[in-house]
Amino acid sequence: MSGTGRIDILTRVEGHGSVELVREGERVVDAFFKLHESPRLFEALLVGRRFDEVPEIACRICSICSTVHKVAALQAVEQALSIRISRQTGLLRQLAVQGGQIESHALNIFCLALPDYLGVGGFPGLANAAPEELQLGLRIKALGNLIQETIGGRAIHPFNLLVGGLGTVPKPEQLQHLADQLAAIREDLETLIRFVSALPESLPALPTPHVCAVSGGSPLFGDRLITATGTIVSADSAASWLNEQIEPHTHAKVSRFDGEKVFMVGPLARLNLAMPEEDAEQLRGAPVSSSLLARTVELKQAAERAGSLISQLLSDGLHQESPVAISPSTGAGTALIEAPRGVLLHSYRFDKQGVCSNANIITPTSINQAAIETSLKALVTAMDGADYDQVKTSCERLVRCFDPCISCAVH
Amino acid sequence: MKKLRFAIAGLTACSGCQLSLLNCEAELPHLLEAVEFHFFPMACSPAILEGEYDATLVEGCLSMPHEQQLLIALRQSSRYLIAVGSCAAWGGVAALKNGEDRQLLRQQVYGSSRIASETFAPQPLHAAVTVDAVISGCPPEKEELLKLIAGLLRGTVPIPISYPVCNECRMRENLCLLTERSMLCLGLLTLGGCDARCPSLGVPCEGCRGPAPETNLGEALEIYLQKGYETGIVCERLRHFCPEWKP
C-alpha cells in the first residue's frame, strides 16, 4: 500500500497536531509533523491593549505554561516602560516559575509519557499498572500547583502577578508550608529518578539536534541565548536569530536557522548546556529519547531551587508592598525565559499612552518543530522495514519526548 | 454503580479547563472508580469517537469547520453536553476582536501567506449545538468541575448560579476595591462561583466568568461613572471574555 498514512489526532500532548507518514509499499519512507491548532492570533489581539492588560491576556495563550507566559510578558512590559521591580517581587516570580516547571514536568512524566513505558493508554491505566508511582506523581504535581497558586493566586492564569509587583504578597507561613512540602518529597524525587532510569527504552537512539537555551540570569531566567556550538545571541537580536517562517503545512511559525541547522530547546538542551556533575554520565549527549529522564532530573532541580528561593525570601523577611507606580511611556522590551519546554520570548512595543503597538511571541514548541520533524524522519529511516503500526506508535512516542505544547506553538 | 462513559474534548483554547480537571490531583484516583474516559485526547490514548457518552465536557470555542463537525458528532452521541470554561460558554479571549476584520487580524500575524486551513471568528458552543449546562471561568474552579461530575453521577447537572462575584466578595468581608480604592473591579456584573478569588487578594475582578444574570445593571454603571469609569470602558473590559456582552 502506497500513499500517506496519518496519526490524525496526536494524543497525550497539549493541543492539536498530527504526523503524516509517507508509505511506499509496506515501507514508511518519510514523515511530516503538522500543527493544525486554530490560530487565536494573540499578537493581533494584543495590539491596542494597555500595558497592564497585555500580560493578563498573553498568559491565556496556554494553561500549562500560563505562569511563565505571565512572567515573560511582565518582564517585557517592565523593560519597555523602564520599571524596576523589587528584589522580593523578583524572587517570588522565580519561585512561581519553578512551581510551573514542577507542575508541567510532573504532568508530562506521570500522565502523558509514562503510559508509553508501561503499555497503558493513560493515567487511568497507570492507576492499575503503577498505582504508587501515579500517586507520587500526582502529589508532586499538586505541589507545583500549590506553589503557583500561593504566589500567583491561581494555578492556571495567575492573576496576582502584576506589572510592577504583586496584588498581595504571600505570608511567611504560606511559604514555610511550601518549604515543608518540598522537603517531604525530596526522597520521593530520588526514588523517581531511579525508577525512570530503570525503564526500558524501545525507541532507537536518535542523534540529538543542536541545543539552545536561555542564559545569563537566575536558573530559567536570562538575557541571552546560548548554543552548544558557542553562539551567543542577545535578547534584542533573538527574534531575528530564531528567524520564524510561515510554512504551508503547519499553523505555527517555524524557526529556520542558517543553512540546514536544527536547534532543539527544552530539558535536554538546558541540561546539556549546564550539566549537573552527577547526571553527566547518563545525560551528556544523550539521545532525544532520554527526555523523560532529563525531565525527572529537572524536576528535582526545580524542587531544590524552589526550596532555596523560599529560604532566601524568609531570611530577607517578607513584607507587604504595593506594585511600583507606573507612568506610561513609549518603549520596547524583549524578555527571554525558559518555559518547561524551552526558550520563550515575549517582545512588545508601546506608544506614549502605554498602548501596545506591536507584539511578538516565540514559543518553545514552534522552535522545536524542525527538530521534531527531523527526528521523525530519522526514526522512520532507523525503523525501515518495521511493521506500519509499530512505526506509527514509535512516532507518537517520539513526539511526546518533546512534550509539545501546541496551543503555545500556534497561539 | 455502573461507571459513566465520559468524553472530554478541547476545541480552540489553552487546554486550561481540561488541565483544571487533571489538577484535581487528590480526587483523580477516586474519580476513576466512577468514571471511564473514552475520548480524552489530551490525556488518554487512543482517541476514537465511538458509542454513546453519558456526558461530554467541551472546552474551547469554535473557530474551524472540523471543530463544528466534532462538536455535532459529540452532541449526537452524548446524553449531557457541558460547555466548560469561558471560551466554550462565551467565545472567550480568542473572540476579543470578533468585531474587527478577521482577514486583517490574520495578516497582522501571518502577513500575506496563506495558512493551511480555513478558520472563522471564534464562537461559543451554543452557536452550533444545544448545551445542557455551562461552567464558566478562565479557568473554571476545580470544585465546580467536581460538583458537576457529582451531579452527573446522580443523573443531573448542578443548578446554575446567577449572582455576581460581588455577593461572594461581601461574604468574605473584603474591602471593596471599587468603592474604597476606586479600582475598575468588574465583580458587580460578573458571574460568581469563584468565591471572589481575585478581589480577595486585592486584584480587581477582570470579568473572566462572563456576565451574571442577576445584577442591578443601571445602578452598577452609575457607581462606575461616579468612580470615573465611563460605561464604554466598563463594557470594553467585560468583553475581554464575553465579546457579545451588551449592557
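Please refer to the structure placed before this passage.
Please read all numbers here as calculations on a predicted model, not as lab measurements.

Peer 1: How would you explain the overall build of chain B if you had to name every residue and give the values?
Peer 2: A tally of helices and strands in chain B yields nine helices and five strands. Secondary structure elements in chain B, listed N-terminal to C-terminal, are β-α-α-β-β-α-β-α-α-β-α-α-α-α. Against the 2.2 N^0.38 benchmark of 18 Å for 247 residues, chain B shows a C-alpha radius of gyration of 19 Å, consistent with a compact globule. Seen through its C-alpha atoms, chain B measures out along the principal axes to roughly 55 × 50 × 25 Å. For chain B, the residues scored as buried account for 51% of the 247 residues in total. Here the analysis covers contacts within chain B between residues at least 6 apart in sequence; of these, 75% occur between residues at least 24 apart.

Peer 1: Residues and numbers for the interface of chain A and chain B, please.
Peer 2: Across the boundary between the two partners, chain A contributes 48 residues, which contact 47 residues of chain B. Within the residue set of the side of chain A that touches chain B, elements represented by two or more residues are α1 (42-46), α2 (53-58), α4 (87-118), α5 (123-129) and α6 (131-152) of chain A. The element best represented in the side of chain A that touches chain B is α6(A), accounting for five residues. For the side of chain A that touches chain B, a count of residues per class yields 23 nonpolar, 17 polar and eight charged.

Peer 1: Lay out the pairing of strand β1 (residues 4-10) of chain B in plain terms, naming residues and giving numbers.
Peer 2: All names here are of chain B. Taking burial as the measure, the seven residues of β1 include five buried ones, the bulk of the element. Summarising the sheet, β1 and strand β2 (residues 35-39) pair through four bridges and their orientation is parallel. By the bridge assignment for β2, R5 is matched with E36. Relative to strand β3 (residues 53-59), β1 is paired through five bridges, and the arrangement is parallel.

Peer 1: Can you break down the sheet that holds β1(B) residue by residue, with the values?
Peer 2: Residues and elements named next belong to chain B. One open sheet holds the five strands; their spatial order is β2-β1-β3-β4-β5, and the pairing between them is parallel. The sheet is open, and its two borders are formed by β2 and β5 (133-135), each paired with just one other strand. Across the sheet, the axes of successive neighbouring strands diverge by a mean angle of 30°, strand direction being ignored. Note: β3 against strand β4 (residues 78-84), six bridges, orientation parallel. Note on β4: the bridge partner recorded for A55 is Y80. Contacts from helix α3 (residues 65-77) reach β1, β3 and β4 within the one sheet, and its direction differs from that of β4 by about 135°. Against the sheet, helix α6 (residues 142-153) makes contact with β1, β2, β3, β4 and β5, and its axis sits at roughly 160° relative to β5, the strand it touches most.

Peer 1: Before we move on, could you go through unusual backbone geometry and cite the residues and values that matter?
Peer 2: Note: most peptide bonds trans; most residues except glycine with negative phi. Here the bond from B:S45 into B:P46 is cis, since omega is -15°, no more than 30 degrees from zero. Within the secondary structure, B:P46 sits in the loop between β2 and β3. The backbone of A:S82 shows a phi angle near 50°, a positive value even though the residue is not glycine. Relative to the assigned elements, A:S82 resides in the loop between α3 (66-80) and α4.

Peer 1: Describe α3(B), naming the residues involved and giving the relevant values.
Peer 2: All names here are of chain B. When the terminal C-alpha atoms of α3 are compared, their 19 Å separation across 13 residues agrees well with the 18 Å that a helix rising 1.5 Å per residue should span. Listing the buried residues of α3 in full gives E67, L71 and L74. The buried residues of α3 all sit within an arc of 65° when viewed along its axis, so they share a single face. The outward face of α3, more than 90 degrees from its buried face, is lined by the exposed residues P65, Q69, I72 and Q76. Lining the buried residues of α3 we find β1, β3 and β4.

Peer 1: So, the sheet that holds strand β1 (residues 3-7) of chain A: which residues are in play, and what are the values?
Peer 2: Residue and element names in this part refer to chain A. Spatially, three strands are ordered β1-β2-β3 in an open sheet, and the strand pairing comes out antiparallel. Of all the strands in the sheet, just β1 and β3 (27-35) have a single pairing partner and so form its edges. Going from strand to strand, the sheet's axes swing by 25° on average, the running direction of each strand aside. Strand direction decides the pairing type here: β1 and strand β2 (residues 17-24), joined by five bridges, are antiparallel. Looking across to β2, one finds that G3 is bridged to R23. Strands β2 and β3 of the sheet are contacted by helix α13 (residues 364-382), whose axis makes an angle of about 165° with β3. Across the sheet, helix α14 (residues 388-401) touches β1, β2 and β3, and the angle it forms with β2 is around 145°.

Definitions and cut-offs
- Residues numbered from 1 in each chain as written.
- Chains lettered and ligands numbered in written order.
- Predicted model: local features only at pLDDT ≥ 70, side-chain atom pairs only at ≥ 80, totals over all residues.
- Helix = DSSP H or I, 4+ residues; strand = E, 2+ residues; numbered from the N terminus.
- Rg over C-alpha atoms; globule rule 2.2 N^0.38 Å.
- Buried ≥ 20, exposed ≤ 12 C-beta atoms within 10 Å, placed from the backbone.
- Contact = placed C-beta atoms within 7 Å.
- Nonpolar A, V, L, I, M, F, W, Y, C, P; charged D, E, K, R; others polar.
- Pairing = 2+ DSSP bridges.
- Axes fitted to C-alpha atoms, helices over the stretch in contact; angles between N-to-C directions.
- Expected span 1.5 Å × (residues − 1).
- Arc of directions from axis to C-beta.

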